[in-house]
Amino acid sequence: MELNEKGLRERKWWTERGYRLPEFDRKAVREATGREPVWVHFGAGNIFRAFPARAVQELLDQGIMDQGLVAAEGYDTEILERVNRPHDEYSVLVTLKADGTVEKTVVGSILASYGLGGLKEIFTMDSLQIASFTITEKGYGVSGAEEDFKNGPDRAKTYMGQVAGLLYRRFLAGRKPIAMVSMDNCSHNGDRLLEAMETFAGKWCENGLADRGFLEYVTDRSRVAFPWTMIDKITPRPGQDVLKILEEDGLTGMEPVVTAKNTYAAPFVNAEECEYLVIEDDFPNGRPALEKAGFLFTDRETVEKAEKMKVCTCLNPLHTALAVFGCLLGYKKISEEMKDRDLVSLLRRIGYEEGLPAVTDPGILDPREFLDTVLTVRFPNPFLPDSPQRIATDTSQKLSVRFGETIKTYMESPDLDMDRLRGIPLVLAGWLRYRMAVDDDGRPMELSPDPMAERLGRQLERIQLGGCLQMEHIRESEHVLRPEGVPGSEIREALRPVLSDAAIFGVDLFKAGLADRVTEYFTEMAAGPGMVRGTLHALGKGEK
Ligand SMILES: NC(=O)c1ccc[n+]([C@@H]2O[C@H](COP(=O)([O-])OP(=O)(O)OC[C@H]3O[C@@H](n4cnc5c(N)ncnc54)[C@H](O)[C@@H]3O)[C@@H](O)[C@H]2O)c1
Ligand SMILES: O=P(O)(O)OC[C@@H](O)[C@@H](O)[C@H](O)[C@H](O)CO
């Protein structure tokens, strides 16, 4: 059986095998979506299919919404060519519950997909209420946009430049209102998107390439809002065991692809059951009744607290700890790491002892309960094919949010003692050790992609496993220095360009008073094979 319009005409085949099917009239919804589109989503990746698309399907099924989703892909259009189009925009969501049961849902709420150039008309339409984004943390960057600033809205080439160009069309069409909703794991994600739009609008107005009122429009919250959000649902890359379930049902053509841009995509997505979407309720052109699909609408302050709780404390920092140490220790699955006492002890330390005291209770979700569930139900879920390698992707972009915010809180609060921090500096040191691309057995290790890879490679090239600082004169004689042979200060100086980079850590670690501790842990873990495990174990026993 194939997943497409034709295959889905045989509803009985699917229902007999336990699939939930769309209940709405897809033809009518496609027409309505073409006529009066309401919601365009940028970033046709896994989380989009697993969460917003499924939620919209629920509302279409209940007749609460009449229009579905338009998917936009401006970074990796191979996803559309190889996954969306061959399956008429359908995908299968496989929910992997912690009790081992599986729920299979055919999601048909995406009705069309376009590259960014295909959205020009849609952005002028009165009906458009939401443009949402899951384009990863690095998607919001404006560096390298100098040409766009000179060329103007119609000829922009960067991702954010093209989005700003679409917004300019909406402005020219009558300053129409819209909510631009970032759903990425960045702190104050709405502001990241606003800053990018403001930069383009400012430059274009300044260079006489856009009408003067454009900047005013972009920054007028009653016209263009950038609500903050907190999104949570662990959605790993498509897994082989899940593919097997679908193939055993008799489905064909479901194999995952890895695109040239390294996106892991498939006509199916696999995700956990647990999900939260907390959104600031700021939608100048109105919005669907998404609360009926469980979205939590609230004020900005509450979103900020919920996001700090999840992204900066109770989930994502722990994920990054499992990512760097999991790769170093040779793990391929997050749930396996949760059987490792040293790792669980590190997570408990970062979560309960170091993170929680810096968190403000958002009220709508209890931080301690949330953390308990992450550690006892969600991460250990053996059915979820999540890997440290997925989470290690782009770590340089994540550390400032996942750890920097907590460090800042410690710096600012008279009640919090920076000297108590052990687990957080160990993860930062672990990441530097990870960047050496050698695992804890001393074997070369492939690193996950990272936009700063090249620069970090250059900055860290003088340090090699064995704890040795590869000084010019030693390199020649091929001598290996034992760690005790290298003064800590030399290692620290070699690490200085990275440790002091607030763009990576959110703060200059020297100013935060953590540079020495990170150096100490790093030096120990780089002293030779087995030392990552040794250092972790010592921390777990309270010897660090
Ligand atoms: N997967 C999860 O568990 C999860 C949960 C909550 C939030 N998120 C957020 O969603 C983001 C995407 O996750 P996913 O699982 O869909 O990943 P994915 O790899 O399946 O998809 C990534 C999407 O981002 C786009 N993208 C990548 N780099 C880009 C760039 N430089 N500019 C513009 N677009 C770019 C890709 O084309 C693709 O559409 C994450 O980075 C995170 O911020 C993910
Ligand atoms: O999606 P990223 O790359 O920002 O981060 C990797 C994971 O930590 C993340 O996807 C979590 O699974 C997610 O944030 C859970 O809600």
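Residues numbered from 1 in each chain as written. Chains lettered and ligands numbered in written order. Predicted model: local features only at pLDDT ≥ 70, side-chain atom pairs only at ≥ 80, totals over all residues. Heavy atoms only, no water.

Draft legend 1. Spotlight on the side chain of R237. The residue R237 is located in the loop between β10 (229–232) and α11 (240–249) in this model. A polar contact of 3.4 Å, which involves the side chain of R237, links it to the side chain of T393. Ignoring anything within four residues of it in the chain, the contact list for R237 reads N46, Y264, N270, P385, Q389, R390 and T393. (Helix = DSSP H or I, 4+ residues; strand = E, 2+ residues; numbered from the N terminus. Polar contact = N/O pair within 3.5 Å; in protein donor to acceptor, adjacent residues only side chain to side chain. Contact = heavy atoms within 4.5 Å.)

Draft legend 2. Molecular detail of the site of ligand 2. Residues in close proximity to ligand 2 total 13 residues, the closest being D232, K310, H319, K398 and R402. One nitrogen or oxygen atom from the side chain of K310 is found 2.8 Å from an oxygen atom belonging to ligand 2. Residue R390 places a side-chain N or O atom 2.9 Å away from an oxygen atom belonging to ligand 2. Notes on ligand 2: free accessible area 400 Å², of which the protein chains cover 84%. (Near = heavy atom within 4 Å. Areas by Shrake-Rupley, 256 points an atom, 1.4 Å probe, with all protein chains shown as cover.)

Draft legend 3. Local environment of the site of ligand 1. Around ligand 1, a shell composed of 24 residues is seen, among which N46, E73, D184, N185 and T235 lie nearest. Here an oxygen atom of ligand 1 and a backbone polar atom of T235 are 2.9 Å apart. Bound to the protein, ligand 1 loses 87% of the 820 Å² it would expose on its own. Across the shell around ligand 1, the residue classes tally to 8 nonpolar, 9 polar and 7 charged. (Nonpolar A, V, L, I, M, F, W, Y, C, P; charged D, E, K, R; others polar.)

Draft legend 4. The arrangement of unusual backbone geometry in detail. Here the phi dihedral of R175 falls at roughly 50°; this positive angle occurs in a residue that is not glycine. Along the chain, the position of R175 falls in the loop between α8 (159–172) and β8 (178–182). A positive phi angle, near 50°, is found at H188, a position not held by glycine. Position of H188 relative to the elements: it lies in the loop between β8 and α9 (189–206).

Draft legend 5. Spotlight on the environment of P153. You can see P153 is positioned in the loop between α7 (146–151) and α8. Note on P153: relative accessible area 11%, which makes it buried. Linking P153 and V142, residues 11 residues apart in sequence, is a C-alpha distance of 14 Å. Sequence-distant contacts of P153, defined by excluding residues within four places in its chain, comprise G165, Y168, W204 and L209. (Buried < 20%, exposed > 50% of the residue type's maximum accessible area, 1.4 Å probe, protein only.)

Draft legend 6. View of the pattern of salt bridges. Following the criterion strictly, the structure yields 43 salt bridges and no others. Here R54 and E275 are joined by a salt bridge, their closest N and O atoms 2.8 Å apart. Residue R54 is located in helix α5 (residues 52–61), and its partner E275 is located in the loop between β13 (268–271) and β14 (276–280); the two are separated by 221 residues in the primary sequence. Judged by its relative accessible area of 12%, R54 is buried. A network of salt bridges, in which partner residues are shared, links R20, K97, E103 and E273. (Salt bridge = Lys/Arg side-chain N within 4 Å of Asp/Glu carboxyl O.)

Draft legend 7. Highlighting a negative patch on the surface. Taken together, the side chains of D361, D366, E369 and D372 make up a negatively charged region of the molecular surface. Position of D372 among the secondary structure elements: in helix α16 (residues 367–378). (Patch = residues over 30% accessible without salt bridge, like charges linked within 9 Å, V, L, I, M, F, W, Y side chains within 5 Å. Lys, Arg positive; Asp, Glu negative; His and termini not counted. Charge placed at Lys NZ, Arg CZ, Asp CG, Glu CD.)

Draft legend 8. Summary view of the domain arrangement of the chain. The domains assigned to the chain are domain 1 (5–298) and domain 2 (300–540). The distance between the C-alpha centroids of domain 1 and domain 2 comes to 31 Å. For the domain 1 and domain 2 pair, buried surface summed over both sides reaches about 2900 Å², with 62% attributable to carbon and sulfur atoms. Inspection of the region where domain 1 meets domain 2 yields 5 salt bridges. With a shortest N-O distance of 4.0 Å, E137 and R402 are connected by a salt bridge. (Domains from an automatic or database assignment. Buried area = accessible area lost by both parts, 1.4 Å probe.)

Draft legend 9. Molecular detail of the side chain of D450. Its place among the elements puts D450 in the loop between α19 (423–434) and α20 (453–460). Summary of buried charges: D450 has no salt-bridge partner, and the nearest side chain of opposite charge, R435, is 4.1 Å away. A polar atom in the side chain of D450 sits 2.9 Å from the backbone nitrogen of M452. Beyond its immediate chain neighbours, meaning those up to four positions away, D450 contacts D394, T395, S396 and R435.

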